[in-house]
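# Coordinate analysis (summary)
Okay, here's what each chain looks like letter by letter:
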Amino acid sequence: MYAGLALTVIAAVAPFVDVATVDSITGHVRGAYPDWPADLVAGDRNAIIVYLSVVTLLGIVGWLWTIWAVARRKRWSRVAATVMFALGACHAMLCLGFSGGQYVNVVPYPYGALASLPALAGLGVVIVLWLHGPATGATRR
């Protein structure tokens, strides 16, 4: 579970590192809309970054909540982990497949792939929880 949390933190930080270094997201927007002025390109880049940031921050909260539930041996932790996985998988599919306007894919493919890594970790968590339970010992409410 901590690996999934770490991957989500990396996914949250990556767009900001990108903007501070190579700024490939701006290049992605410019590739879709080569005739746009700089302010529109910056606005679209910022919209992509805000989307990725908000969803990954929600993912971090989801991981922390699920880790807490499993550590406390809550009966509902399996269901919670499954729901969190489903939300993460939907986010990953949206990042990998959402197109619109002149974009082949609105979110650049490297960020879509990065978004899928926490979902893969979540799948592993869900499988382990459903096969082996949240933890050994007495179950609390």
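Residues numbered from 1 in each chain as written. Predicted model: local features only at pLDDT ≥ 70, side-chain atom pairs only at ≥ 80, totals over all residues. Heavy atoms only, no water.

## What about the packing of aromatic side chains?
Inspection of every chain in the model, using the stated rule, returns 4 aromatic pairs. On the numbers, 5.3 Å between centres and 80 degrees between planes, the contact of Tyr33 with Tyr103 is edge-to-face. Residue Tyr33 is located in the loop between helix H2 (24-32) and helix H3 (38-71), and its partner Tyr103 is located in the loop between helix H4 (77-97) and helix H5 (109-132); the two are separated by 70 residues in the primary sequence. Each member of the pair, Tyr33 as well as Tyr103, carries the same accessibility label: buried. By the ring-pair criterion, three or more aromatic residues cluster together here, those being Tyr33, Trp36 and Tyr103. (Phe/Tyr/Trp six-rings, centres within 6.5 Å; stacked < 30°, edge-to-face > 60°. Helix = DSSP H or I, 4+ residues; strand = E, 2+ residues; numbered from the N terminus. Buried < 20%, exposed > 50% of the residue type's maximum accessible area, 1.4 Å probe, protein only.)

## A few points about the environment of Ala113
Mapped onto the fold, Ala113 is located in helix H5. The partly exposed category is assigned to Ala113, whose relative accessible area is 38%. Between the alpha carbons of Ala113 and Ala92 there is a distance of 7.5 Å; along the sequence they are 21 residues apart.

## Details of the side chain of Thr8
Here Thr8 shows up in helix H1 (residues 2-20). In this structure the side chain of Thr8 is engaged in a polar contact, spanning 2.8 Å, whose partner is the backbone oxygen of Gly4. When sequence neighbours within four positions are dropped, the list of residues in contact with Thr8 reads Thr56, Gly59, Ile60, Trp63 and Pro118. (Polar contact = N/O pair within 3.5 Å; in protein donor to acceptor, adjacent residues only side chain to side chain. Contact = heavy atoms within 4.5 Å.)

## Comments concerning a nonpolar patch on the surface
Together, Leu117, Leu120, Leu123, Ile127 and Leu131 make up an exposed nonpolar region whose accessible area comes to about 470 Å². For Ile127, the location among the structural elements is in helix H5. Here Ile127 falls in the partly exposed class, since its relative accessible area comes to 44%. (Patch = residues over 30% accessible without salt bridge, like charges linked within 9 Å, V, L, I, M, F, W, Y side chains within 5 Å. Areas by Shrake-Rupley, 256 points an atom, 1.4 Å probe, with all protein chains shown as cover. Salt bridge = Lys/Arg side-chain N within 4 Å of Asp/Glu carboxyl O.)

## A closer look at the nonpolar core
Counting 17 residues, the largest nonpolar core has Ile48, Leu52, Tyr103 and Tyr111 as its most contacted members. Among the elements that make up this core, the one with the highest residue count is H3 (4 residues). When near neighbours in sequence (up to four residues on either side) are disregarded, Leu52 contacts Pro15, His91, Cys95, Val107 and Tyr111. Counting 10 residues, the second-largest nonpolar core is a separate cluster that includes Ala12, Val70, Val125 and Val126. (Core = buried A, V, L, I, M, F, W, Y, C linked by side-chain atoms within 4.5 Å.)

## Things to note about the pattern of salt bridges
This model, assessed by the stated rule, comprises 1 salt bridge. Its salt-bridge partner being Arg45, residue Asp23 comes within 3.6 Å of it at the nearest N-O pair. Of this pair, Asp23 sits in the loop between H1 and H2 while Arg45 sits in helix H3, and the two are 22 residues apart along the sequence.

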